[in-house]
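Single-letter residue listing:
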Amino acid sequence: MISTLLRKNISAWQLAAYSVACLVGLSILLISINFYADIRSAQSQDRQPGNYIVLSKPVSLLAALGGSPSASNSFSPAEIEDLASQPWVRRIGEFTSADFNISAAVEFAGRGLSTALFFESLPDEFVDTDLDQWHFDPASKEIPILVPKDYLALYNYGFAASRGMPQLSESLIKQIPIRIAVAGNGHYDVFPARIAGLSSRLNTIAVPDSFMTWANSYYGDKNDVRQPARLIVELSSPGDPAAARWISDNNLDSSDNNAASGKAVYLASVVSAVVGTIGVVIAALSVLILLLSMFLLVQKNSGKIRDLTLLGYRRSQVAAFYDRLIIIINCAVTTGAIITCILVSRLWTGILKEFGVDGNNTILIVLAAAAIMGAVTVISVASCRKMIKKASR
Amino acid sequence: MIPDVFSPEDVGESRIWLKEFTFVRGRHYLVEAASGSGKSSMCSFIYRNRSDYRGSIGFDGRDAKSLSADEISDLRCHNIALLPQELRLFGQLTAIDNVRIKNKLTGYCSEKQIIEMFGRLGIADKINRPASLLSIGQMQRVALIRALCQPFDFIFLDEPVSHLDENNNRIVASLIYETAEAQNASIIATSVGNQLLLPTDNINHIRL
């Protein structure tokens, strides 16, 4: 009976205007959230190294002519601290180079190959291979080695092709037994080794940090404390122009051969943020329409609201009518926006699938929509109660 | 107690303004006064829909101004009934819906009892007519039935028979009297001359 009484002055036009505006705003917002989540997951699933850059100092003429390399080319602790304080830096890893002589021997396809080699190591969390395989056990003595993907390509299309050697697949190369001879500090040992993985992030031949720490102390010169010459940096936002600016300001070299994809992701993030902001503005304006429309409705009904409270109706009983109205409209808008968002996102999920990325953010979208509209509903209901309190006095 | 808009000279010989006065449950009061002497204000102050007065009103010793909105709602459903002078019916609802909207809140009367009251007051044929199409005398009786659809300790009737003839006055008065006596409640009726003709001598006449 209260609803028959209060329904009289509802303006269908105002509520329809709110519903449409809020639907448009919320849909745009959800679409931009969905798009952002998709490009983010595309980036992580693709294992794009755009998140990482390797920094080094340019090789000076003096160093090239045989001056002390460690003095001019390494990073001092103060420099590392300065880098760590930059907002675009999430983590820094230091490369440790081997302080001893290494040579490797391989025997396959009936031929023996032997070469002098270098090792570097870096903290395990920067290594893009299966970490279960990535440790050195002094008992078994087997050293896992990480080789850049490019080396395999160099071998397959450069060396093997010209020398008539067989080409190797990624899985096959991991099977090849390698012997590593290590010498230094009056010791000489031979270790078995295998290629544990191929890295697209690291442009070096890497061994586990645990092996390097042990080997440097055993084969290396204990008095020679060296500073790292190369640093690997994980970026908090890939492609951030601030990073490129800082690197060039400090006159450093960076191996950011994947910067293009990082930049693309960064630009796409900026675009989705801008679009999302537009969605927020439209949605916020639509909430203003709702509040204004509710205000007019309560104003028009203020006499009836007052009479109902005079009969003994509680404010909450009167407000329940308006609450129901707001909740029904907002539920409809939320459902509509979720459906719109999912339909629109089909435009690009097909393209992403071709890249091998399965961007399914339905749960995220539903949660985001529910959270946003939940907040809108709470705000509307609260201000509606305030209006009713005023009207019933 | 005195309304904010009154000055002490305005009240004259009043028994209520600027005095201490107690309405006792079980006794009936006829409040006689000239227009503009504050009858409706008194009803509104006690019914808690206005509080523009100086002084204090107590319910069993509790100051009325300390009641919360919900406590006031409960009071209006269970303890104090009011027939306002301006009636305050919802014009778009039918006569009986105007009564039902109150009875739905209190659940005090059955549908049958409500229809009986319409019959007794001679407006049974107006049950389904929108309240806005009734005469003022008819509206007055619909509003009275609405006021009776709740338990009460006191019923305030602000000029309840101002638009009724003597015959209807007596019918209305006896219905009110029976309902009040059944709950041992008090009737407090105001008038500017056309008094409610209660069938009893247990009446306090007060000059406002």
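Anything mentioned here points back to the structure above.
These notes cover the structure that comes with them. (Residues numbered from 1 in each chain as written. Chains lettered and ligands numbered in written order. Predicted model: local features only at pLDDT ≥ 70, side-chain atom pairs only at ≥ 80, totals over all residues.)

### What about the pairing of strand β8 (residues 178-184) of chain A?
All names here are of chain A.
Then step 1. Relative to strand β9 (residues 187-199), β8 runs antiparallel, the two being bridged by seven bridges. Along β9, the bridge assignment pairs V182 with D189.
Then step 2. What sits between β8 and β9 in their antiparallel hairpin is a turn of two residues, with N185 showing a positive phi close to 55 degrees. (Pairing = 2+ DSSP bridges. Helix = DSSP H or I, 4+ residues; strand = E, 2+ residues; numbered from the N terminus.)

### Side note on the sheet that holds strand β2 (residues 28-32) of chain B
Residue and element names in this part refer to chain B.
Then step 1. The five strands are arranged β6-β7-β8-β2-β9 in an open sheet whose pairing can be described as parallel. Since the sheet does not close on itself, it has two edges, and those belong to β6 (80-83) and β9 (203-207), each with one partner. With strand direction ignored, the average angle separating the axes of adjacent strands in the sheet is 15 degrees.
Then step 2. Here β2 runs beside strand β8 (residues 186-191); their pairing, made up of four bridges, is parallel. Counterpart to Y29 in the pairing with β8 is I188.
Then step 3. Packing of helix α1 (residues 39-47) onto the sheet brings it into contact with β2, β6, β7 (154-158) and β8, and relative to β7 it is tilted by some 150 degrees. (Axes fitted to C-alpha atoms, helices over the stretch in contact; angles between N-to-C directions. Contact = placed C-beta atoms within 7 Å.)

### Things to note about the interface of chain B and chain A
Then step 1. The interface is formed by 16 residues belonging to chain B together with 12 residues belonging to chain A.
Then step 2. Put simply, the parts of the chain that give the side of chain B that touches chain A at least two residues each are α2 (69-78) and α3 (95-106) of chain B.
Then step 3. Counting residues per element, the side of chain B that touches chain A draws most heavily on α3 of chain B, at six residues.
Then step 4. A per-class count over the side of chain B that touches chain A returns six nonpolar, three polar and seven charged. (Nonpolar A, V, L, I, M, F, W, Y, C, P; charged D, E, K, R; others polar.)

### Details of the sheet that holds strand β11 (residues 253-255) of chain A
Residue and element names in this part refer to chain A.
Then step 1. In spatial order, the strands read β2-β10-β1-β11; together these four strands make up an open sheet with antiparallel pairing. Strand pairing shows two members of the sheet lacking a second neighbour, β2 (89-94) and β11, which therefore form its edges. The average undirected angle you get between the axes of adjacent strands in this sheet is 30 degrees.

### Re unusual backbone geometry
Then step 1. A positive phi angle is found at N185 of chain A, which is not glycine, with a value near 55 degrees.
Then step 2. Checked against the element boundaries, N185 of chain A lands in the loop between β8 and β9.
Then step 3. On the basis of neighbour counts, which here come to 15 C-beta atoms within 10 Å, the residue N185 of chain A falls in the partly exposed class.
Then step 4. Positive phi outside glycine occurs at L18 of chain B, with the angle close to 65 degrees.
Then step 5. The topology assignment puts L18 of chain B in the loop between β1 (2-3) and β2.
Then step 6. What makes L18 of chain B partly exposed here is the crowd of 14 C-beta atoms within 10 Å. (Buried ≥ 20, exposed ≤ 12 C-beta atoms within 10 Å, placed from the backbone.)

### Let's talk about the packing of helix α11 (residues 302-311) of chain A against helix α13 (residues 362-392) of chain A
All names here are of chain A.
Then step 1. For the pair α11 and α13, interaxial distance at closest approach is 8 Å and the crossing angle is 75 degrees. In terms of orientation, α11 lies roughly perpendicular with respect to α13. For the pair α11 and α13, contact is made by S302, I305, R306 and T309 and by I388, A391 and S392, respectively.
Then step 2. Tallied by class, the residues present in the contact of α11 with α13 amount to three nonpolar, three polar and one charged. (Parallel < 35°, antiparallel > 145°, perpendicular 65-115°, else oblique.)

### Here we look at the packing of α3 of chain B against helix α5 (residues 136-148) of chain B
All names here are of chain B.
Then step 1. Relative orientation of the contacting elements α3 and α5 amounts to 20 degrees, with a least axis distance of 8 Å. One way to sum up the angle between α3 and α5 is to call them roughly parallel. By crossing handedness, the relation of α3 to α5 is classed as right-handed. Between α3, through A95, N98, V99 and K102, and α5, the contact on the second element is made entirely by V142, I145 and R146. (Left-handed = near helix turned anticlockwise from the far one by under 90°.)

### Points about the environment of S32 of chain A
Residue and element names in this part refer to chain A.
Then step 1. Considering the arrangement of structural elements, one finds S32 in helix α2 (residues 12-45).
Then step 2. Between the alpha carbons of S32 and V274 there is a distance of 8.7 Å; along the sequence they are 242 residues apart.
Then step 3. In this structure, S32 is in contact with S272, V275, G276 and G279, ignoring residues within four places of it in sequence.

### Some thoughts on the environment of F154 of chain B
Residues and elements named next belong to chain B.
Then step 1. Relative to the assigned elements, F154 resides in strand β7.
Then step 2. The exposure class assigned to F154 is buried, which follows from the 20 C-beta atoms found within 10 Å.
Then step 3. Sequence separation between F154 and H78 is 76 residues, and the spatial gap between their C-alpha atoms is 9.8 Å.
Then step 4. When neighbours within four sequence positions are excluded, F154 is seen to be in contact with F23, R25, I80, A185, S186 and I188.

### Some thoughts on the nonpolar core
Then step 1. Of all hydrophobic cores here, the largest spans 51 residues; its most connected members are V142, I145, I155 and F156 of chain B.
Then step 2. Here the element with the most residues in this core is α5 of chain B; it accounts for seven residues.
Then step 3. L311, I326, A337 and V376 of chain A belong to the second-largest nonpolar core, a separate cluster that totals 45 residues. (Core = buried A, V, L, I, M, F, W, Y, C linked by C-beta atoms within 7 Å.)

### With respect to the environment of N51 of chain A
Residue and element names in this part refer to chain A.
Then step 1. Following the sequence through the fold, N51 ends up in the loop between α2 and β1 (52-56).
Then step 2. When the 20 C-beta atoms within 10 Å are taken as the criterion, N51 is described as buried.
Then step 3. Sequence spacing of N51 and R201 is 150 residues, and the spatial spacing of their C-alpha atoms is 9.3 Å.

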